[in-house]
Amino acid sequence: MWPLAWLVALLLWCGGGSIAAGAGAGEWSPATLATLRGHAALQAEGLARCEGLTRAWLALADKETGLLPRNTKERAWVVKDSASDNYPYLVVSAYLTDRVLFGSTMLDILHAEAKYTSRVGRVRDDYSFEKHTWVREKLDMSKAVFGTAEYIKDGLLPLTDYLGPSPWSDEMLGMMDDLWAYANVKWPYGVIPSSDIEVHGDLLQALARLYWFTGNPKYIEYATRVGDYYMLGGHHLTHNNTWLQLRDHGCEVLAGLVELYVALQYTDPTKHEAYRKPIHDMLDRILEVGRNEHGMLYNVIDPKTGKTPGGKKRKFASQLSDTWGYTYNAYYTVYLLDNTTAYRDAVRFVLSNLPHYPRYNWEPPNDAQDGHADSIEGAITLYNREPVAAAKAWADEDIHVLWSKQRNGGLIEGIHADGNFARTTIMYCLWKSLVLHVPTLCLFALCLCLACA
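Reading the values: rules and limits
Residues numbered from 1 in each chain as written. Predicted model: local features only at pLDDT ≥ 70, side-chain atom pairs only at ≥ 80, totals over all residues. Heavy atoms only, no water. Helix = DSSP H or I, 4+ residues; strand = E, 2+ residues; numbered from the N terminus. Rg over C-alpha atoms; globule rule 2.2 N^0.38 Å. Buried < 20%, exposed > 50% of the residue type's maximum accessible area, 1.4 Å probe, protein only. Contact = heavy atoms within 4.5 Å. Areas by Shrake-Rupley, 256 points an atom, 1.4 Å probe, with all protein chains shown as cover. Pairing = 2+ DSSP bridges. Salt bridge = Lys/Arg side-chain N within 4 Å of Asp/Glu carboxyl O. Core = buried A, V, L, I, M, F, W, Y, C linked by side-chain atoms within 4.5 Å. Phe/Tyr/Trp six-rings, centres within 6.5 Å; stacked < 30°, edge-to-face > 60°. Lys NZ or Arg CZ within 6 Å of the ring centre and 35° of its normal. Expected span 1.5 Å × (residues − 1). Polar contact = N/O pair within 3.5 Å; in protein donor to acceptor, adjacent residues only side chain to side chain. Axes fitted to C-alpha atoms, helices over the stretch in contact; angles between N-to-C directions. Parallel < 35°, antiparallel > 145°, perpendicular 65-115°, else oblique. Nonpolar A, V, L, I, M, F, W, Y, C, P; charged D, E, K, R; others polar.

Caption draft 1: Expanded view of the overall build of the protein. Each helix and strand in the protein was counted, giving 17 helices and 7 strands. Compactness check: the protein gives a C-alpha radius of gyration of 22 Å against a globular reference of 22 Å for 453 residues, within 12% of the reference. Overall, the C-alpha framework of the protein stretches about 65 × 55 × 45 Å when taken along its three principal axes. Considering the protein as a whole, with its 453 residues, one finds that 58% of them fall into the buried category. A fraction of 70% describes how many contacts in the protein between residues 6 or more apart in sequence connect residues 24 or more apart. About 18900 Å² of surface is accessible on the protein, with carbon and sulfur atoms providing 55% of the total.

Written out as structure tokens, the structure reads:
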């Protein structure tokens, strides 16, 4: 049923991996072989789950356009959900499990979404399958910009991080260029596409990486229009703010400012130096008031008072953020750049405390799978930098909690966040195959398996 996934397992099971370059099968200890076989089984299971999820979602595609619905009930391609969180990770799933599907149906969906959802230049908007036109008859440019920025940062950017230049990266560059070509929000540092803080985070992260991807300085210039507002313009996230969200739909701007800070070291050292104190002030204050006793971050803090914000959202604010790893990744990045050892210590501290959170419900009250997905990703990302044993053990346990959420038909919850299940599972599978290379024996096994197929 899942031929390529099981082919991968067979290749690894046959001994197609070695712990280090130059190691031969005769040098493998029984413990090493057991580890490789365990990794092979995990990777095979993970890829099979991703393939099953992909095929289940493709079965729900609109017959006319080929686009995927927002969920099993809402027959519309909603850019901030369908395009941002789901479709791109089904693309990567197909790339890893079925190259024919990847080069046909998944590419056809890209062409279809460009055809049916491009509303202002290449800025996207939501498309109704039932009405055969826009979800909103009247253009709401702010919503179109929000969805497009989400699609770029959450979907196309990580897809490009893995695939490199492709038709998806071409579309991403066009979308970003048109976000700025049609920008109409007057800002203290120049016209920008939106005044929304989440969009600012999306843009900052994407623009910094698009600079590295293309070498085009215009992306840094765009980013500084946003970054200067927070770093130099009296709107500092912890100096001048009473509500700072440290989970998704709020924390993106913090990571984005750090990514811009890194890029400025190479493109504009003077501005980089001007950002240095504001960046460190922001990170230091969050460490002071934004963590619990294990280093886990709260959903929301009031950085001016150091307390949990009150009001109707007090319960939400006091809960723990499932995106803690994304934020700590920003800390580790600044540690690498500025050698601020307190930031590295903070990362190691939170990783060492993960055993306090077995099967933790990150998304109360329903324990949605997305909470486990985001948290596992954070642990894997940071473990790649700081191999704290407790983090590995925790991720190896919690991945099975995540996988237990998948239904027999392949869907997870039947909503757009199903794509996050695939994203996390793919990260986990890549992690488990990280120490492997394919020698001649494995290539022979591959040829044999293909011939049999």
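Caption draft 2: Geometry of unusual backbone geometry. Here the bond from P364 into P365 is cis, since omega is 5 degrees, no more than 30 degrees from zero. Within the element layout of this structure, P365 appears in the loop between helix 13 (341-352) and helix 14 (369-383). Even without being glycine, H249 reaches a positive phi, approximately 70 degrees. Its place among the elements puts H249 in the loop between strand 6 (244-245) and helix 9 (252-267). In this structure H249 comes out as partly exposed when scored by relative accessible area, which is 48%. The phi dihedral of N339 falls on the positive side, at around 60 degrees, and the residue is not glycine. Following the sequence through the fold, N339 ends up in the loop between helix 12 (324-338) and helix 13.

Caption draft 3: Quick look at the sheet that holds strand 1 (residues 76-77). Taken together, the 3 strands give an open sheet; going across it, the order is 1-4-5, and neighbouring strands pair in antiparallel fashion. Where the open sheet ends on each side, the last strands, each with one partner, are strand 1 and strand 5 (133-134). Summarising the sheet, strand 1 and strand 4 (residues 127-128) pair through 2 bridges and their orientation is antiparallel. For A76, the partnering residue across the bridge sits in strand 4 and is S128.

Caption draft 4: The environment of D374, seen in detail. Mapped onto the elements, D374 comes out in helix 14. Note: C-alpha distance between D374 and G325 (49 residues apart in sequence) is 8.1 Å. Sequence-distant contacts of D374, defined by excluding residues within four places in its chain, comprise D248, D322, T323, Y326, R423 and T424.

Caption draft 5: Local environment of the side chain of S128. As for its position among the elements, S128 is in strand 4. Sequence-distant contacts of S128, that is, excluding residues within four places in its chain, are made with R75, A76, T133, W134 and V135.

Caption draft 6: Structural context of the pattern of salt bridges. Within this structure, the stated rule accounts for 33 salt bridges. Measuring nitrogen to oxygen at the nearest pair gives 3.1 Å for the salt bridge that ties R136 to D126. With R136 in the loop between strand 5 and helix 5 (141-163) and D126 in the loop between strand 3 (123-124) and strand 4, this residue pair connects regions lying 10 residues apart in the sequence. Accessibility assignment for this pair places R136 and D126 in one class, buried. Three or more residues joined by partner-sharing salt bridges are found here, namely R70, E74, K80 and D81.

Caption draft 7: Focus on the nonpolar core. Membership of the largest hydrophobic core comes to 126 residues, with the highest contact counts inside it found for Y87, W168, M176, I279, W324 and Y328. With 11 residues, the top contributor of residues to this core is helix 5. Contact partners of Y328, with chain neighbours within four places excluded, come to L287, R291, G295, L297, A346, V347, V350 and L382.

Caption draft 8: The arrangement of the packing of aromatic side chains in detail. Counted under the stated rule, the structure contains 21 aromatic pairs. Measuring from ring centre to ring centre gives 6.5 Å for Y127 and W134, while their planes differ by 85 degrees; the resulting arrangement is edge-to-face. Residue Y127 shares its accessibility class with W134, and that shared class is buried. Directly above the ring of Y95 sits R99, whose terminal nitrogen or CZ lies 3.7 Å from the centroid. Lying across the ring of Y89, R423 places its NZ or CZ 5.3 Å from the centre.

Caption draft 9: Here's a closer look at helix 4 (residues 99-117). With 19 residues, helix 4 should reach 27 Å at 1.5 Å per residue; the first-to-last C-alpha distance of 26 Å fits that figure. Among all positions of helix 4, only L101, F102, M106, L107, I109, L110, A112, E113, A114, Y116 and T117 are buried. Between the side-chain oxygen at the start of helix 4 and the backbone nitrogen of V100 there is a gap of 3.2 Å, and the oxygen is on D98.

Caption draft 10: Broad picture of the environment of S84. Along the chain, S84 turns up in helix 3 (residues 79-97). Sequence spacing of S84 and R291 is 207 residues, and the spatial spacing of their C-alpha atoms is 29 Å. Polar side-chain contacts of S84 include one of 3.5 Å to the side chain of D154.

Caption draft 11: Region of the structure containing helix 14. Its 15 residues place the ends of helix 14 21 Å apart at the C-alpha level, agreeing with the 21 Å of an ideal helix rising 1.5 Å per residue. Most of helix 14 sits out of view: 14 of its 15 residues are buried.

Caption draft 12: Here's a closer look at the environment of L204. As for its placement among the helices and strands, L204 is situated in helix 7 (residues 197-214). The sequence separation of L204 and V253 amounts to 49 residues, and the corresponding C-alpha distance is 7.0 Å.

Caption draft 13: Spatial organisation of the packing of helix 12 against helix 14. Two numbers describe how helix 12 lies on helix 14: the axes approach to 7 Å, and their chain directions differ by 25 degrees. As far as their axial angle goes, helix 14 and helix 12 are roughly parallel. Of helix 14, the residues touching helix 12 (which contributes W324, G325, Y326, Y328 and N329) are D374, S375, E377, G378, A379, T381 and L382. Of the residues assigned to the contact of helix 12 with helix 14, the class counts are 5 nonpolar, 5 polar and 2 charged.

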